[in-house]
Protein chains: 2
Amino acid sequence: MSFELSLNTGTTPTLSLEQAAEAVAESGLQHIGPWRHLLEQAGGAEKAASIISAAGLKATTLCRGGFLTPADVQGRRAALESNRAAIREAAAIGAGELIMVVGGLPAAAHLIGGSGDPADKDILGARARVAEGIAELVPYAAEHQVRLVLEPLHPMYAADRAVLSTLGEALELAADHPAETLGVVVDTFHVWWDPQLEAMIARAGAENRIASYQVCDFNLPLAADALKSRGMMGDGYVDFPTISRWVAAAGYTGPVEVEIFNEKINNQDARLTLETMRQRYEELVLPSLREAEAGVRS
Amino acid sequence: MSFELSLNTGTTPTLSLEQAAEAVAESGLQHIGPWRHLLEQAGGAEKAASIISAAGLKATTLCRGGFLTPADVQGRRAALESNRAAIREAAAIGAGELIMVVGGLPAAAHLIGGSGDPADKDILGARARVAEGIAELVPYAAEHQVRLVLEPLHPMYAADRAVLSTLGEALELAADHPAETLGVVVDTFHVWWDPQLEAMIARAGAENRIASYQVCDFNLPLAADALKSRGMMGDGYVDFPTISRWVAAAGYTGPVEVEIFNEKINNQDARLTLETMRQRYEELVLPSLREAEAGVRS
């Protein structure tokens, strides 16, 4: 089967891994993309793996590694350690893919609970450290048969979360490493606005780099917490049919993951969320994926 | 003189054109970039021209034309009419340049007081209409010796304000038209995050397209009204020395305009704003411009 719908647990943050796995299974889906803190809450990656398989599910991705931009030696060392642990966890739960949010500027680190030189706004330097960190982690990921997945984030998060803002930039960064160990994710919220999106999705496909397709909408006005501006497909301004056609035309046939940070959706009954996301997926996303898939095959 | 500091009246929105011109002159600056509604309040473009010249100032840019994305015939006709009027106004006040904010998706038009099909989220179609509108306006602008200046806006405004998000995309759009009639503006708030920024500033310089350099910072957390997240240089996360070097190395020597939408700054005493912006400009922007200018000359 292609294009199986998957729930990213960021969409249902009030649920434990066990609760989320149950809700996903009940709704008839077979894939789940957990966040790391749920593994920890569940008592570790091995326990988490049992929970996921007991529910009859498969883990698609693990969220998340990254944050490779600290400028100080200690910060960099801690970041690499954390990423190695994340790689081991991804392997343990059978998620072949670890999503990487690469990190922002040292000057903005305090905004996400970190620390860094308040004067360090050097985005080129931060990007160079991301490239170094990735180079260091790729062999370790390969050993564990985990694929690191670079996630370009919307440029509104360039200062505090990811100095990697476009799919094109992610592909440039990936170019030095094998496609089976370093992929990219196409997350509609983050990249829908990009004038080079069609070309870069095609390139990502040609290079076998598309590791994941994540769908969620771009809502306006932005939420008070900008991170929570993600919306249910159809509620915002993303042209899902067009982007979905591009993704399938590039040869992607894997799971399609729904990751929505949104105050209302995150606090409503998870069954309602799962039901709505399936409806919207079948209405706005899947038909275009299927149509383009048929075109690729023919 | 090169790199003369200019006040965009969006920074001092409580002032009339006359008050803004007086404040600018008192602070020792010689350039002002007015918004159209101030011309109207002043009794028209001719009157505005007298006010500006009576204060001993020169108008750098007029803000703003654009909003060329309506999908209906009537909306498009109205947009073109409004832009032709803006071109005449720019000519009347001696501003050689009309800043163009190209417009967003029809589905989001209601967010900025317009109307459009709530289902129309076709960003490719919207971009095509921008290209058509620009092509229609270029000859009219040339007749009036006004240069249209494409402003790529931060991608967080792609849905509601501008489907033009990068300098590279602006240059592609400009490529069909003469550089003397169609330029681009480099506004640090909008483009600081772009991985292609250095290359695209260099290209814009080589193609003689850099019509304006606007400086203001990118603040976090984003303001409740995302439009007002612009900050005084130094208060946010933009690396001004680096970007300023790129701009001057590309051969730009014109005015540097400060346009800040920010609740606190917009409501404080304009003299304080002018004083602060001059200090920050001389500290964070001007030295790098001068340094790179010297490199270009040598």
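These numbers come from a predicted model, not from an experiment.

### Concerning the environment of A158(A)
Okay, so step 1: If you trace the backbone, A158(A) turns up in the loop between β6 (147-150) and α6 (167-174).
Okay, so step 2: The exposure class assigned to A158(A) is buried, which follows from its relative accessible area of 0%.
Okay, so step 3: The spacing of A158(A) and A292(A) is 134 residues in sequence and 32 Å in space, taken between C-alpha atoms.
Okay, so step 4: Setting aside residues up to four positions removed in sequence, A158(A) forms contacts with G104(A), L105(A), V163(A), S165(A), W192(B) and W193(B).

### Points about the UniProt feature "domain: Xylose isomerase-like TIM barrel" (unreviewed entry) in chain A
Okay, so step 1: Here the UniProt-annotated "domain: Xylose isomerase-like TIM barrel" (unreviewed entry) positions come out as residues 22-278 of chain A.
Okay, so step 2: The span residues 22-278 of chain A is 42% helix and 15% strand, and its two end C-alpha atoms sit 16 Å from each other.

### Quick look at the nonpolar core
Okay, so step 1: Counting residues in hydrophobic clusters, the biggest one holds 206 residues, and the most contacted among them are L150(A) and L150(B).
Okay, so step 2: Domain assignment of the residues forming this core places at least three in each of domain 1 (11-59) and domain 2 (61-109 + 127-161 + 173-181) of chain B.
Okay, so step 3: Aside from chain neighbours lying at most four places away, what touches L150(A) is M100(A), V102(A), I134(A), L164(A), A170(A), L173(A), A174(A), L182(A), G183(A), V184(A) and V185(A).

### A few points about the interface of chain A and chain B
Okay, so step 1: At the junction of the two partners, chain A supplies 36 residues and chain B supplies 36 residues.
Okay, so step 2: Summing the contributions of chain A and of chain B, the shared interface buries around 2700 Å²; its carbon and sulfur component is 69%.
Okay, so step 3: It is K121(A), W193(A) and Y237(A) in chain A that bury the most area against chain B; as a group they hold 24% of the surface buried on that side.
Okay, so step 4: Linking chain A with chain B are zero salt bridges, by the criterion used here.
Okay, so step 5: Along the contact surface separating chain A from chain B lie eight residue pairs in polar contact (both at pLDDT 80 or more).
Okay, so step 6: Broken down by secondary-structure element, the contributors of at least two residues to the side of chain A that touches chain B are α5 (123-143) and α9 (240-249) of chain A.
Okay, so step 7: Ranked by the residues each element gives to the side of chain A that touches chain B, the list is headed by α5(A), at three residues.

### Digging into the pairing of strand β8 (residues 210-215) of chain B
Side chains on a regular strand alternate between the two faces of the sheet.
All names here are of chain B.
Okay, so step 1: Counting buried residues in β8 gives six out of six residues, a clear majority hidden from the surface.
Okay, so step 2: Where strand β7 (residues 182-187) and β8 come together, four bridges link them in parallel fashion. Looking at β8, one finds that D187 is bridged to Q214.
Okay, so step 3: Of the pairings in the sheet, the one linking β8 to strand β11 (residues 256-258) comprises three bridges and is parallel in character. Looking across to β11, one finds that V215 is bridged to V258.

### Thoughts on the sheet that holds β11(B)
Residue and element names in this part refer to chain B.
Okay, so step 1: The sheet built from nine strands is open, its strands ordered β3-β2-β1-β11-β8-β7-β6-β5-β4 with parallel pairing. Two strands close off the open sheet at either side, each with one partner strand: β3 (58-59) and β4 (61-66).
Okay, so step 2: Across the face of the sheet, helix α5 (residues 123-143) comes into contact with β5 (97-101), β6 (147-150) and β7 while running at roughly 145° to β6.

### Examining the relation of the copies chain A and chain B
Okay, so step 1: Each copy superposes on the other: chain A lies on chain B with an RMSD of 0.0 Å after a rotation of 180° and an axial shift of 0.0 Å. Classification of the inter-copy transformation places it as that of a two-fold axis.

### What about the packing of aromatic side chains?
Okay, so step 1: For the structure shown, the criterion picks out nine aromatic pairs over all chains.
Okay, so step 2: For the pair W192(A) and F218(A), a centre-to-centre distance of 5.4 Å together with 50° between the ring planes defines the contact as tilted. Residue W192(A) is located in the loop between α7 (188-191) and α8 (197-206), and its partner F218(A) is located in strand β9 (residues 217-218); the two are separated by 26 residues in the primary sequence.
Okay, so step 3: Judged by relative accessible area, F218(A) falls into the buried class, the value being 0%.
Okay, so step 4: Taken together, a centroid distance of 5.1 Å and an interplanar angle of 35° make the contact between F189(B) and F218(B) tilted. Taken together, the positions of F189(B) in helix α7 (residues 188-191) and F218(B) in strand β9 (residues 217-218) put the pair 29 residues apart, joining distant regions of the chain.
Okay, so step 5: Clustering of aromatic rings is evident, with ring pairs tying together Y157(A), F189(A), W192(A) and F218(A).
Okay, so step 6: One cation-aromatic arrangement involves R230(A) over F261(A); the distance from NZ or CZ to the ring centre is 5.2 Å.

Rules used in this analysis
- Residues numbered from 1 in each chain as written.
- Chains lettered and ligands numbered in written order.
- Predicted model: local features only at pLDDT ≥ 70, side-chain atom pairs only at ≥ 80, totals over all residues.
- Heavy atoms only, no water.
- Helix = DSSP H or I, 4+ residues; strand = E, 2+ residues; numbered from the N terminus.
- Buried < 20%, exposed > 50% of the residue type's maximum accessible area, 1.4 Å probe, protein only.
- Contact = heavy atoms within 4.5 Å.
- UniProt positions renumbered as here; feature names shortened; annotations may be inferred.
- Core = buried A, V, L, I, M, F, W, Y, C linked by side-chain atoms within 4.5 Å.
- Domains from an automatic or database assignment.
- Buried area = accessible area lost by both parts, 1.4 Å probe.
- Salt bridge = Lys/Arg side-chain N within 4 Å of Asp/Glu carboxyl O.
- Polar contact = N/O pair within 3.5 Å; in protein donor to acceptor, adjacent residues only side chain to side chain.
- Pairing = 2+ DSSP bridges.
- Axes fitted to C-alpha atoms, helices over the stretch in contact; angles between N-to-C directions.
- Least-squares fit on C-alpha atoms with pLDDT ≥ 70 in both.
- Phe/Tyr/Trp six-rings, centres within 6.5 Å; stacked < 30°, edge-to-face > 60°.
- Lys NZ or Arg CZ within 6 Å of the ring centre and 35° of its normal.

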